[in-house]
Amino acid sequence: MAAILFKAKQLCFHDKICFADLEIPAGKTTFVTGPSGAGKSTLLRLLNGVLSPTHGQLYYLGHDLETLDTIGLRKDVLLVSQAVFLFDGSIRDNFAAFYEHREKSLPSDETIKKFLSICCLPFEPDATTNTMSGGEKQRLYLAIFLSFHPAVLMLDEPTSALDSETANRVMQNIITYCQAEGITVIAVSHDQALTKRFGENILTLERVENNYA
Amino acid sequence: MREIVELGIMQFSAVYLLLIVVLAIMKHAKINQTKLLIVASFRMTIQLILAGLILTYIFDNQNPLFTVCYLLAMIGFTIKRTLSKTPGLNKKFKIVVTASIAFSGLSTLAFFVIGIVGQNLFNPQYAIPIAGMIMGNTMTGVTLALKSFSDSLKSQRAKIDSLLNLGATPQKILLPYVNNALETALLPTLNSMVGMGIVSLPGMMTGQILSGTLPMTAIMYQIAIMIVICTTVCLSSFSSLHFGYQTLINSRNQIKLIGEE
């Protein structure tokens, strides 16, 4: 039986969003679905400690999340948010800026190209990001985060700006890469087809009344 | 020494006629601030008359206690105005701003009055007008610093969130905004120093010359006060931002931007 990666009990955020008790297994691709307002993005932000629950407990690999060092946790459980942000300049400049914030040195062009190709971006590292389309920016953002090689990769609507064919190819590549590297993927997606195709474990969130207070 | 010409009340009132020019231009350009112009002129008049009356009393009845009260009131208003122009600061941030303005203002004031002029800090003739100049500029500087800090944070939410998710420390994420805001706060003071004497004869110097002070003495005062103002703006903005931004970060390395609950 797979180890339990995350476990939540009576979890609430600001008494508006509450979750039914849930478990997310390690090593399996989990897709989180549910109506808007059910707290999908909030759940991811609770899992990487950018938000703290106002009620209930969260466990990461059996440890109470509130006792863990949040910076270490976020490096381990990397969240690729829905709102894409890129710096000005080239693709390499972007890798450099993000790596600088993690106090790591810039990866080689080979490595950069490898992650660009996983995300189906046929660009050289010198290419400027200013003229990229929304979908290209989203994939570059993904490629940069993926290159940090976290233990868990959380994707919030990773393909929202992509057509379904590109979305399929990118997700296929990412999931193949992550499985080979032992990275657990947790994704939030509205895309039913994508969820069905790639979700080994599907977690459906529903609006839960706040019965815990 | 030539004495300044006393202004007769009738002649003096004529200056308000100039406001008709402003009103006419505002009407022509469809600037809907007629009410503000009238309120501002009215408030300025009343406030300055009050200040004049109080200063006359304090000068006639020299008492350190009066000077202290006047200075405290001045600092209090500066802090109140500064805080009210930057809504959404959390409680700790407000305390930081209060302490920064009070500490920087009082220490540079003491340095100027005691160290440079060689007067008692409680001599109202020196302490009060100098404090007024320092506080006025500090208010502008710190307000600008906080506004630019708060605005740039708001416009960069996606960047801040991305870097936070990446596992960068909140300090590393926010520090560039702190430094940028400090630069923004300092620029007006630095620019006014650059243009001084060429573009403008500054108010204090003009005042001293009008009242019969030798131009070279007036210039030395002006140079000294500009350096004191620059230092105070720098100190108070730096300490407001530098200690203030840390109040946006909690022990879980989460960031609550200015104005967020």
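Residues numbered from 1 in each chain as written. Chains lettered and ligands numbered in written order. Predicted model: local features only at pLDDT ≥ 70, side-chain atom pairs only at ≥ 80, totals over all residues. Heavy atoms only, no water.

**Overview of the packing of helix α3 (residues 91-101) of chain A against helix α5 (residues 134-146) of chain A**
Residues and elements named next belong to chain A.
Okay, step 1: Axis separation between α3 and α5 bottoms out at 11 Å; the angle between their running directions is 45 degrees. Taken together, α3 and α5 sit at an angle that is classed as oblique. For the crossing formed where α3 meets α5, the hand is right-handed. For the pair formed by α3 and α5, the contact residues are Ile91, Asn94, Phe95 and Phe98 on the first element and Leu140, Tyr141, Ala143, Ile144 and Phe145 on the second.
Okay, step 2: Residues of the contact of α3 with α5, tallied by class, amount to eight nonpolar, one polar and no charged. (Axes fitted to C-alpha atoms, helices over the stretch in contact; angles between N-to-C directions. Helix = DSSP H or I, 4+ residues; strand = E, 2+ residues; numbered from the N terminus. Parallel < 35°, antiparallel > 145°, perpendicular 65-115°, else oblique. Left-handed = near helix turned anticlockwise from the far one by under 90°. Contact = heavy atoms within 4.5 Å. Nonpolar A, V, L, I, M, F, W, Y, C, P; charged D, E, K, R; others polar.)

**Digging into a nonpolar patch on the surface**
Residues and elements named next belong to chain B.
Okay, step 1: Residues Leu7, Ile9, Met10, Phe12, Val15, Tyr16, Leu18, Val21, Val22 and Ile25 make up a contiguous nonpolar surface patch of roughly 1,000 Å² in combined accessible area.
Okay, step 2: Put simply, the parts of the chain that give the nonpolar patch at least two residues each are α1 (9-13) and α2 (18-28).
Okay, step 3: Here the element with the most residues in the nonpolar patch is α2; it accounts for four residues.
Okay, step 4: Looking at the element boundaries, Met10 is found in helix α1. (Patch = residues over 30% accessible without salt bridge, like charges linked within 9 Å, V, L, I, M, F, W, Y side chains within 5 Å. Areas by Shrake-Rupley, 256 points an atom, 1.4 Å probe, with all protein chains shown as cover. Salt bridge = Lys/Arg side-chain N within 4 Å of Asp/Glu carboxyl O.)

**Here we look at α5(A)**
Okay, step 1: End to end, α5(A) covers 18 Å across 13 residues, agreeing with the expected 18 Å (1.5 Å per residue, within 8%).
Okay, step 2: If you check which residues of α5(A) are buried, you get A:Gly135, A:Gln138, A:Arg139, A:Leu140, A:Tyr141, A:Leu142, A:Ala143, A:Ile144, A:Phe145 and A:Leu146.
Okay, step 3: Buried residues along α5(A) sit against β7 (77-80), α3, α4 (109-118), β8 (152-156) and α6 (164-181) of chain A together with α7 (157-166) of chain B. (Expected span 1.5 Å × (residues − 1). Buried < 20%, exposed > 50% of the residue type's maximum accessible area, 1.4 Å probe, protein only.)

**Thoughts on the packing of α7(B) against helix α8 (residues 170-195) of chain B**
Residues and elements named next belong to chain B.
Okay, step 1: Running from amino to carboxyl end, α7 crosses α8 at an angle of 155 degrees, the nearest separation of the two axes being 9 Å. Regarding the angle of α7 to α8, the classification is roughly antiparallel. In this structure, the crossing between α7 and α8 has a hand that is right-handed. For the pair α7 and α8, the contacting residues are Lys159, Ile160, Leu163 and Leu164 in the first and Pro170, Ile173, Leu174 and Tyr177 in the second.
Okay, step 2: Residues of the contact of α7 with α8, tallied by class, amount to seven nonpolar, no polar and one charged.

**Re the confidence of the model for chain B**
Okay, step 1: The predicted model of chain B averages 93 in pLDDT, with 98% of residues at 70 or higher.
Okay, step 2: The secondary-structure element of chain B with the lowest mean pLDDT is helix α9 (residues 203-210) of chain B, recorded at 88, while helix α5 (residues 91-117) of chain B shows the highest, at 97. (pLDDT = per-residue confidence, 0-100.)

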